[in-house]
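# Structural description and commentary
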2 protein chains.
Amino acid sequence: MAVYTDITETELSVFLTGYDLGELRSYRGIAEGSENSNFVLHTGKGEFILTLYEKRVEEADLPFFLGLMQHLALKGITCPLPVARSDGSLIGRLAGRPAAIITFLEGIWPRRPTAPQCREVGKALAGMHLASADFTLSRPNALSVEGWRKLWAGARERSGEVDTGLKEEIDRDFELFAHAWPADLPSGVIHADLFPDNVFFLGDKLSGLIDFYFACNDFYAYDVATCLNAWCFEKDGAFNITKGAALLSGYESVRPLSGREKDALPVLARGSALRFTLTRLYDWLTIPDGALVQKRDPMEFVRRWRFHRQVVSATEYGLIPA
Amino acid sequence: MAVYTDITETELSVFLTGYDLGELRSYRGIAEGSENSNFVLHTGKGEFILTLYEKRVEEADLPFFLGLMQHLALKGITCPLPVARSDGSLIGRLAGRPAAIITFLEGIWPRRPTAPQCREVGKALAGMHLASADFTLSRPNALSVEGWRKLWAGARERSGEVDTGLKEEIDRDFELFAHAWPADLPSGVIHADLFPDNVFFLGDKLSGLIDFYFACNDFYAYDVATCLNAWCFEKDGAFNITKGAALLSGYESVRPLSGREKDALPVLARGSALRFTLTRLYDWLTIPDGALVQKRDPMEFVRRWRFHRQVVSATEYGLIPA
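Residues numbered from 1 in each chain as written. Chains lettered and ligands numbered in written order. Predicted model: local features only at pLDDT ≥ 70, side-chain atom pairs only at ≥ 80, totals over all residues. Heavy atoms only, no water.

Where an unreviewed UniProt entry is consulted, chain A appears under the name Homoserine kinase, with the organism given as Mesorhizobium australicum. Recorded in UniProt for chain A, the comment headed Catalytic activity (unreviewed entry) runs: "L-homoserine + ATP = O-phospho-L-homoserine + ADP + H(+)". Comment text from UniProt for chain A, heading Sequence similarities (unreviewed entry), reads "Belongs to the pseudomonas-type ThrB family." (UniProt positions renumbered as here; feature names shortened; annotations may be inferred.)

Written out as structure tokens, the structure reads:
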């Protein structure tokens, strides 16, 4: 959410000699993006986003992330298209960091998503799941149950600072997941972080999906569950079943969920809420005040997680029973 | 250097009904600007900068700042042109804050200014001084000697935390300024903050001056002195006389300095370096860690200030003796 690395015109001009983008006209750091440095770049060929990958992104994962964007964009999914270098590669080096240029997408991410926007996101998510089915690279989900255990090991002892009783409460979920986490649902490439700030709209029309830097292989229904967490809760913490129904029916209009996927939604949504609780909790307890990385309140997801712990059936999310 | 206030599409769309700019296509927060929230805005009419003025800018000063930009732009100075609202005004309200839209300028601010760029800045500064001569509004310089005294009163006791002996050293300069600060040099509207990040270039050609939010009425030569501080010191703290000579000769090619202005340059440069020392010192000691406002090392300007305290004649800055 900041520019971690500034670059000089000289460095950038040298970097751009590896591309066929015309002359450099301007670059401005933007206050968006997950944990990388991002710039809006103007060249003789138009407007682009330049990203420098900071250390939270594994360099070995970049061919997966950029290859996926390229694969999806070429299949007509509205997402940024990585610009190929003259030698055909998608990744260069700038200021000592891996760096890439992707196309600029018009659109606005919704600060207060509406039900029609939830429906559009559901459709786009399903479209992405179908379009990535023949993408040949894969990447395990580092933030599934085993990854959560590692985060929890680093945050457990001090979790009481955030909410009393959280330690025992989360311990119990890990016991549950040890036997009740699904093992063989339909799976493939998922976005894994499709929050509103990663989806652009022009009015109610979806104009782009961005930020594929958590994408990985996992259950499609887990991606749906994450979207329920990301899109269908109000600021006061209440689940909005109208938005849930819109998101799920949008998804199913493109890729229907199987009975087993539907049955698994509550536990997947519960796990997904715990995943965001744990990353936020870990950051909250370990990142020093004053660091550039923005720390977000873990309690926002603790509340979602507690909601899902009460859910018995996916109909409570607005799913129409078959 | 961050986005302090986020805005919703709804708020922004309502705000834009006050302008003739076509439909909203995107807005992205940018990690630049002094102490305001800035967005790159795309509309049907092109690309603009949207600024929300945060509390460090006095709302009563906005007609001066925006009127000055308009005055300069219409006189051919390459600076942003404020976009007038349908009712002719330059300032609206957005998210509870005063807000304005200005044109987007292409160009890149130099991370490592060259001597030819220093010359261009000198010329542009003189051009701005001439072009603002018939601007009818005025604004006293809140950050001249009396303003420094107020900052010093808030930082003096703890200044030893930054450098031992600084207290007595700065006290002595205030005694000097009480009788040796110039009283009646040629004056008018000055930029007062023309650092490299406020000047855009395309190659060595200057393409824009931005950020007029410290502009005020004061001695023209004080603005020149501030540019010497801002442009002509190397990262290691050494003054680069080649750059100084380039800046001064560039300035004088458009507006020659009088003998009294030249004689005053050392004390003005010393005062200017103290001004940036004091604002940085004050922020350093009073802004809590973790605040979004970026705190910068006061010692960078303490060293410049100490340099100027040794200077006897403006020829030491590279001024060619008449």
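## Considering the overall build of chain A
On a plain count of helices and strands, chain A comes out with 9 helices and 9 strands. Taken against the 2.2 N^0.38 rule, which gives 20 Å for 322 residues, the C-alpha radius of gyration of chain A at 20 Å falls within 12% of a compact globule. Overall size of chain A, expressed as C-alpha extent along the three principal axes, is 60 × 45 × 35 Å. Within the span of chain A, comprising 322 residues, buried residues form 58% of the whole. Only carbon and sulfur atoms are counted for the fraction: they give 53% of the accessible area of chain A, which is about 13,100 Å². Each charge class in chain A was averaged separately, 35 positive and 42 negative side chains, and the resulting centres sit 2 Å apart. (Helix = DSSP H or I, 4+ residues; strand = E, 2+ residues; numbered from the N terminus. Rg over C-alpha atoms; globule rule 2.2 N^0.38 Å. Buried < 20%, exposed > 50% of the residue type's maximum accessible area, 1.4 Å probe, protein only. Areas by Shrake-Rupley, 256 points an atom, 1.4 Å probe, with all protein chains shown as cover. Lys, Arg positive; Asp, Glu negative; His and termini not counted. Charge placed at Lys NZ, Arg CZ, Asp CG, Glu CD.)

## Overview of the interface of chain A and chain B
It is common to give the size of an interface as the accessible area lost on bringing the parts into contact. Each partner contributes to the interface: chain A provides 30 residues, whereas chain B provides 30 residues. Together, the buried faces of chain A and chain B total about 2,600 Å²; carbon and sulfur atoms form 52% of this surface. Of all residues in chain A, Arg 28, Ile 108 and Arg 111 of chain A bury the most surface against chain B, accounting for 27% of the area lost on that side. Put simply, chain A and chain B have 2 salt bridges between them. A salt bridge links Asp 6 of chain B to Arg 111 of chain A; the nearest nitrogen and oxygen atoms lie 2.9 Å apart. Linking chain A to chain B there are 18 residue pairs in polar contact (both at pLDDT 80 or more). Every element with two or more residues in the side of chain A that touches chain B is listed here: strand 1 (24-30), strand 3 (46-52) and strand 7 (199-202) of chain A. Ranked by the residues each element gives to the side of chain A that touches chain B, the list is headed by strand 1 of chain A, at 7 residues. (Contact = heavy atoms within 4.5 Å. Buried area = accessible area lost by both parts, 1.4 Å probe. Salt bridge = Lys/Arg side-chain N within 4 Å of Asp/Glu carboxyl O. Polar contact = N/O pair within 3.5 Å; in protein donor to acceptor, adjacent residues only side chain to side chain.)

## Looking at the domain arrangement of chain A
All names here are of chain A. Domain parsing of chain A yields domain 1 (9-103) and domain 2 (115-317). With centres defined by C-alpha atoms, the gap from domain 1 to domain 2 works out at 27 Å. Between domain 1 and domain 2, the contact holds 20 residues from the first and 24 residues from the second. Across the domain 1/domain 2 interface, buried area totals approximately 1,900 Å², and carbon plus sulfur atoms make up 69% of it. Three residues stand out in domain 1 for area buried against domain 2, namely Phe 64, Phe 65 and Leu 68, and they jointly supply 30% of the buried area on that side. Counting the contacts that link domain 1 with domain 2 gives 3 salt bridges. In this structure, the salt-bridge partner of Lys 75 is Asp 134, at a minimum N-O distance of 2.9 Å. Per-class residue counts for the side of domain 1 that touches domain 2 are 11 nonpolar, 6 polar and 3 charged. (Domains from an automatic or database assignment. Nonpolar A, V, L, I, M, F, W, Y, C, P; charged D, E, K, R; others polar.)

## With respect to the relation of the copies chain A and chain B
With an RMSD of 0.0 Å, the operation that places chain A on chain B is a rotation of 180° combined with a shift of 0.0 Å along the axis. A rotation of that kind, with that shift, is consistent with a two-fold axis. The overlap is high: 100% of the interface residues of chain A also sit at the interface in chain B, so the same surface is used on both sides. (Least-squares fit on C-alpha atoms with pLDDT ≥ 70 in both.)

## Focus on the packing of helix 3 (residues 115-131) of chain A against helix 6 (residues 220-231) of chain A
Residue and element names in this part refer to chain A. The N-to-C vectors of helix 3 and helix 6 enclose an angle of 155°; their axes lie 11 Å apart at closest approach. Classified by the angle between their axes, helix 3 and helix 6 sit roughly antiparallel to one another. The hand of the helix 3/helix 6 crossing is right-handed. Every residue of helix 6 that contacts helix 3 at Cys 118, Val 121, Leu 125 and His 129 is listed here: Tyr 220, Asp 223, Val 224, Cys 227 and Trp 231. Residues belonging to the contact of helix 3 with helix 6 are distributed by class as follows: 7 nonpolar, 1 polar and 1 charged. (Axes fitted to C-alpha atoms, helices over the stretch in contact; angles between N-to-C directions. Parallel < 35°, antiparallel > 145°, perpendicular 65-115°, else oblique. Left-handed = near helix turned anticlockwise from the far one by under 90°.)

## Observations concerning the pattern of salt bridges
Residues and elements named next belong to chain A. The full count for this structure, using the stated rule, is 48 salt bridges over all chains. The salt bridge partner of Arg 280 is Glu 300, with a shortest N-O separation of 3.3 Å. In this pair, Arg 280 is assigned in helix 8 (residues 259-286) and Glu 300 in helix 9 (residues 299-310), connecting sequence segments 20 residues apart. With a relative accessible area of 12%, Arg 280 lands in the buried category. Take Glu 300: its relative accessible area is 35%, and that puts it in the partly exposed class. Via salt bridges that share partners, Asp 163, Glu 169, Asp 173, Arg 270, Arg 306 and Arg 309 belong to a single interconnected network.

## Describing the nonpolar core
Generally speaking, a soluble globular protein has its nonpolar side chains buried in company with each other. If you look at the biggest cluster of nonpolar residues, it comprises 179 residues, and the most contacted ones within it are Trp 148, Trp 231 and Leu 268 of chain A together with Trp 148, Trp 231 and Leu 268 of chain B. Excluding residues within four positions of it along the chain, Trp 148 of chain A makes contact with Leu 143, Phe 174, Phe 177, Trp 181, Tyr 222, Gly 271, Ser 272, Leu 274, Arg 275 and Leu 278 of chain A. (Core = buried A, V, L, I, M, F, W, Y, C linked by side-chain atoms within 4.5 Å.)

## Some details on the side chain of Thr 5 of chain A
All names here are of chain A. Mapped onto the elements of the fold, Thr 5 is located in the segment before helix 1 (9-16). Judged by relative accessible area, Thr 5 falls into the buried class, the value being 8%. Among the polar contacts listed, one links the side chain of Thr 5 to the side chain of Arg 97, at a separation of 3.0 Å. Filtering out sequence-adjacent residues up to four positions away, Thr 5 remains in contact with Ser 37, Phe 39, Leu 52, Glu 54, Ala 95 and Arg 97.

## Focus on the environment of Ile 190 of chain A
Residues and elements named next belong to chain A. Along the chain, the position of Ile 190 falls in strand 6 (residues 187-190). For the pair Ile 190 and Leu 176, spaced 14 residues apart in the sequence, the C-alpha separation amounts to 24 Å. Ile 190 has contacts with Met 128, His 129, Ala 215, Cys 216, Asp 218, Phe 219, Tyr 220, Tyr 222 and Asp 223, leaving out every residue within four places of it along the chain.

## Examining the pairing of strand 2 (residues 37-43) of chain A
Residues and elements named next belong to chain A. By the criterion of burial, strand 2 is predominantly enclosed, with 7 of the 7 residues buried. What you see with strand 2 is no split at all: Ser 37, Phe 39, Leu 41 and Thr 43 on one side and Asn 38, Val 40 and His 42 on the other are buried throughout. Note: strand 1 against strand 2, 6 bridges, orientation antiparallel. Bridge assignment links Gly 29 to a residue of strand 2, and that residue is Phe 39. Bridge count for strand 2 against strand 3 is 7 bridges, and the pairing is antiparallel. Within strand 3, the residue paired with Thr 43 across the bridge is Gly 46. Once strand 2 ends, the chain turns through 2 residues before running back antiparallel as strand 3. (Pairing = 2+ DSSP bridges.)

## Concerning unusual backbone geometry
Residues and elements named next belong to chain A. Notably, Ala 192 is not glycine yet its phi reads approximately 75°, a positive angle. Within the secondary structure, Ala 192 sits in the loop between strand 6 and strand 7. Of the residues examined, Ala 192 reaches a relative accessible area of 7% and is grouped as buried. In this structure, Asp 211 takes a positive phi of about 60° despite not being glycine. Within the secondary structure, Asp 211 is located in the loop between strand 8 (205-209) and strand 9 (216-219). Looking at Asp 211, the relative accessible area reads 11%, which means it is buried.

## Observations regarding the environment of Leu 94 of chain A
Residue and element names in this part refer to chain A. The topology assignment puts Leu 94 in strand 4 (residues 92-94). Assessed through its relative accessible area of 2%, Leu 94 is described here as buried. On a C-alpha basis, the gap between Leu 94 and Thr 51 in space is 9.6 Å, while along the polypeptide they are 43 residues apart.

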